[in-house]
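# Survey of secondary and tertiary structure
Spelled out, the chains give:
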Amino acid sequence: SAVISQKPSRDICQRGTSLTIQCQVDSQVTMMFWYRQQPGQSLTLIATANQGSEATYESGFVIDKFPISRPNLTFSTLTVSNMSPEDSSIYLCSGGGLAGKETQYFGPGTRLLVL
Amino acid sequence: SQQGEEDPQALSIQEGENATMNCSYKTSINNLQWYRQNSGRGLVHLILIRSNEREKHSGRLRVTLDTSKKSSSLLITASRAADTASYFCATDAISNFGNEKLTFGTGTRLTIIP
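What comes next is a walk through the structure. (Residues numbered from 1 in each chain as written. Chains lettered and ligands numbered in written order. Predicted model: local features only at pLDDT ≥ 70, side-chain atom pairs only at ≥ 80, totals over all residues. Heavy atoms only, no water.)

## Comments concerning the overall build of chain A
If you tally the helices and strands in chain A, you get zero helices and 11 strands. For chain A, the N- to C-terminal ordering of α and β elements is β-β-β-β-β-β-β-β-β-β-β. Radius of gyration (C-alpha) of chain A: 13 Å, near the 13 Å computed for a compact globule of 115 residues. Its C-alpha atoms give chain A principal-axis dimensions of about 35 × 25 × 20 Å. Classification of the 115 residues of chain A by burial places 53% in the buried group. Contacts in chain A between residues at least 24 apart in sequence constitute 54% of all its contacts with a sequence separation of at least 6. Of the roughly 5100 Å² that chain A leaves accessible, carbon and sulfur atoms contribute 50%. Averaging the coordinates of the 8 positive side-chain charges in chain A and doing the same for the 8 negative ones gives two points 6 Å apart. (Helix = DSSP H or I, 4+ residues; strand = E, 2+ residues; numbered from the N terminus. Rg over C-alpha atoms; globule rule 2.2 N^0.38 Å. Buried < 20%, exposed > 50% of the residue type's maximum accessible area, 1.4 Å probe, protein only. Contact = heavy atoms within 4.5 Å. Areas by Shrake-Rupley, 256 points an atom, 1.4 Å probe, with all protein chains shown as cover. Lys, Arg positive; Asp, Glu negative; His and termini not counted. Charge placed at Lys NZ, Arg CZ, Asp CG, Glu CD.)

In structure tokens form, the structure reads like this:
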């Protein structure tokens, strides 16, 4: 199993600013993902964080808005850039083996409120 | 778009009763997983069932899979207050770049009444 931590756990930000969320795994994992979850809703995949290369983004998400880094097999960051109130959400990272075949472990999430 | 839809959206039962949640999906899958999310927390993996399996047990959990109907159910027996949470099914899919990803259902909010 893997234990995943996220920082910050929550933040309140002003419109137009950027926030970087950190995701740390206590062991090396093959895959890391970033999700967004609106309150009371399901999870939507933002992107796959690839170690040592550019992240791969899902439809509707772009690198300029959500730059992602993954310098090694245990750490990743997601930046929410030029924030607007519509970015208010919970952001979750996950890590594990191959996504469809093995358990994915999730961080506790980062609650973001943009004013 | 969401791969899975779950029903009911919300379910309230008395402690000790059984809770059943259903998940329907649209395309062929290799595996289906169930996750639990306590309020304000991350997701916890419960069980994975493969497409060639029809039923799987884990403690008080029983999962069934019917690939002909593209549906799965999660049964929690002898419910406890600690089972209060949201439950999501997730299916494997291929992302735009060919790597595997999970697509989550809409979720069922389960409340256990003491």
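## Topic: the state of the cysteines
Counted according to the given criterion, the structure contains two disulfides over all chains. Paired through a disulfide, A:Cys23 and A:Cys93 show a sulfur-sulfur distance of 1.9 Å. The sign of the 75° torsion about the S-S bond sets the A:Cys23-A:Cys93 disulfide as right-handed. Taken as a pair, A:Cys23 in strand E3 (residues 19–25) and A:Cys93 in strand E9 (residues 89–96) lie far apart in primary sequence, 70 residues in all. Judged by relative accessible area, A:Cys93 falls into the buried class, the value being 1%. Through a disulfide, B:Cys23 is tied to B:Cys89; the S-S separation comes to 2.0 Å. (Disulfide = S-S within 2.5 Å.)

## Looking at the pairing of strand E11 (residues 108–113) of chain B
Residue and element names in this part refer to chain B. Burial along E11 is one-sided: Thr108, Leu110 and Ile112 are buried, while Arg109, Thr111 and Ile113, pointing the other way, are not. Bridge count between strand E2 (residues 10–14) and E11: five bridges; the pairing is parallel. Paired with Ala10 across the strands is Arg109, a residue of E11. Bridging between strand E9 (residues 85–94) and E11 involves three bridges; their strand directions are antiparallel. Residue pairing across strands places Tyr87 opposite Thr108, the latter belonging to E11. (Pairing = 2+ DSSP bridges.)

## Considering the sheet that holds E3(A)
Residues and elements named next belong to chain A. Ordered by their spatial adjacency, four strands build an open sheet running E1-E3-E8-E7, and the pairing between neighbours is antiparallel. Edge strands, defined here as strands with exactly one partner in the open sheet, are strand E1 (4–7) and strand E7 (68–72). When the angles between neighbouring strand axes are averaged without regard to direction, this sheet yields 15°. Relative to strand E8 (residues 75–80), E7 runs antiparallel, the two being bridged by three bridges. In the sheet register, Ser69 faces E8, and the bridge partner there is Thr77. (Axes fitted to C-alpha atoms, helices over the stretch in contact; angles between N-to-C directions.)

## Focus: the interface of chain A and chain B
It is common to give the size of an interface as the accessible area that goes away when the parts come together. Across the contact, 25 residues belong to chain A and 24 residues belong to chain B. Both faces considered, chain A and chain B share a buried interface measuring about 1900 Å² in area, 47% of it formed by carbon and sulfur atoms. A:Glu58 is the partner of B:Lys101 in a salt bridge, and the nearest nitrogen-oxygen pair spans 2.5 Å. Here chain A and chain B share five residue pairs in polar contact (both at pLDDT 80 or more) between them. For the side of chain A that touches chain B, the secondary structure elements donating two or more residues are strand E4 (31–37), strand E5 (43–49), strand E6 (56–57) and strand E10 (104–106) of chain A. Taken together, the residues of the side of chain A that touches chain B break down into 10 nonpolar, 11 polar and four charged. (Buried area = accessible area lost by both parts, 1.4 Å probe. Salt bridge = Lys/Arg side-chain N within 4 Å of Asp/Glu carboxyl O. Polar contact = N/O pair within 3.5 Å; in protein donor to acceptor, adjacent residues only side chain to side chain. Nonpolar A, V, L, I, M, F, W, Y, C, P; charged D, E, K, R; others polar.)

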